[in-house]
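A closer look at the structure
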Amino acid sequence: MIAPLLAAVDIGGTKTAVALVRAGAVLARTRAATPARDGAAAVLDRAAALVRSLGGEPVAVGVGAPGLVDPTTGLLTAATSSISDWSRVDVPGGLRDRLGLPGVVLNDVQAFTLGEAVHGAGRGLPTVIGVAVGTGIGGGVHAAGTLLTGRSGAAGHLGHLPVPQAAGLPCPCGATGHVEAVAAGPAVAARYAERAGGPVDLPEVVRRARAGDDTARAVLADAGAALGTALAGLANVLDPDRIVIGGGAAVPELLAAAAPAFAVACMPVLGAVPLVPAALGADAALVGAAEAALRTLGRTAADR
């Protein structure tokens, strides 16, 4: 039996990527700028147009989107400010109206986690934690064949785990002391600028570290150690088979610094929990969104 063809959409604040996916394999893809300042309707119009441009006959559409998804209503909550009028949006309903396809939406990092857990670096393993390091630090948990969402859709939100390395530092969420305050891209860039002077972004910090800049190396090492400490706390609770880390240019440096801090803070009984780089690259969220659409189709068929 041939696996169904699915449309997948990964909506970001600057770009929207779309793919046709079958059995975890991306068959075609395209992308365009997200009309973020024009509001939700324009964003969904763009996503639908991109899906149509790929042709084929997908049977459902899965979407990874910034913000949390209310498990009860399916509406976006805690939505990103980078897209105007994005809160309380019915993304699957909007795309159903535009494309005539059933669909599902999930948080973009939860989509990344689902893709990596089922078809990527965590394939075949019972419990996988996904981590994406970028403008923030997001995460997800896939256990016993299920992506955990939690009561409010925030399960796996590991960027807001407290770590001693971030003590007293303000987090974008409004609290202090969270790992995102020291290990997310803007935090790393800001700490480097404080020590070295001049505004930079995370890719430039990474470039300088690889060119031998000791300050850049130290800032990335501090960020990685904080991330490793946070992940150890999560591992102590969930006892995962593997932790998959993705999200950008700094992943190799962060992994190298996270591993020893993780080992120190983990309970010895857990043994060596592998921290590994993501395997699907930029396709992870698309593959995960398609997997979510497939699971929604399965539940719908079972309910009939």
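These notes cover the structure that comes with them. Remember, predicted model here, so these are calculated numbers, not experimental data. (Residues numbered from 1 in each chain as written. Predicted model: local features only at pLDDT ≥ 70, side-chain atom pairs only at ≥ 80, totals over all residues. Heavy atoms only, no water.)

Topic: the pattern of salt bridges
Going through the model one piece at a time under the given rule, you end up with eight salt bridges. Put simply, Asp10 and Lys15 hold a salt bridge, and the shortest N to O gap is 3.5 Å. Overall, the relative accessible area of 12% leaves Asp10 in the buried class. Its relative accessible area of 25% is what places Lys15 among the partly exposed residues. (Salt bridge = Lys/Arg side-chain N within 4 Å of Asp/Glu carboxyl O. Buried < 20%, exposed > 50% of the residue type's maximum accessible area, 1.4 Å probe, protein only.)

Topic: the sheet that holds strand β1 (residues 6-11)
Sheet strands associate in pairs through backbone hydrogen bonding, adopting either a parallel or an antiparallel arrangement. Within the open sheet, the five strands sit side by side as β3-β2-β1-β4-β7. Their pairing is mixed. The open sheet has two edge strands with one neighbour each: β3 (25-33) and β7 (103-107). Each adjacent strand pair in this sheet contributes to an overall mean axis angle of 20 degrees, direction not counted. Sheet topology places strand β2 (residues 15-22) next to β3; eight bridges connect them, and they run antiparallel. Residue pairing in the sheet places Lys15 in a bridge with Ala33 of β3. Packed onto the sheet, helix α2 (residues 91-99) meets β4 (61-65) and β7 and runs at close to 145 degrees relative to β7. Seen against the sheet, helix α3 (residues 108-119) touches β1, β4 and β7 and runs at an angle of roughly 100 degrees to β7. (Pairing = 2+ DSSP bridges. Helix = DSSP H or I, 4+ residues; strand = E, 2+ residues; numbered from the N terminus. Axes fitted to C-alpha atoms, helices over the stretch in contact; angles between N-to-C directions. Contact = heavy atoms within 4.5 Å.)

Let's talk about helix α7 (residues 214-238)
Spanning 25 residues, α7 covers 36 Å between terminal C-alpha atoms, matching the ideal 36 Å at 1.5 Å per step. The distance from a side-chain oxygen at the start of α7 to the backbone nitrogen of Thr215 is 2.9 Å, and the residue carrying that oxygen is Asp213. (Expected span 1.5 Å × (residues − 1). Polar contact = N/O pair within 3.5 Å; in protein donor to acceptor, adjacent residues only side chain to side chain.)

Some words on the nonpolar core
Of all hydrophobic cores here, the largest spans 45 residues; its most connected members are Val131, Ile137, Leu220, Leu231, Ile243, Ile245 and Phe262. Elements represented by at least two residues in this core include exactly β8 (127-133), β9 (137-143), α4 (180-183), α5 (185-196), α6 (202-210), α7, β11 (242-246) and α8 (251-265). Among the elements that make up this core, the one with the highest residue count is α7 (eleven residues). Discounting chain neighbours no more than four positions away, the residues touching Val131 are Phe112, Ile137, Gly138, Gly139, Leu158, Leu227, Leu231, Ile243, Val244, Ile245 and Gly246. In this structure, Ala7, Leu50, Leu76 and Val91 belong to the second largest nonpolar core, which totals 28 residues. (Core = buried A, V, L, I, M, F, W, Y, C linked by side-chain atoms within 4.5 Å.)

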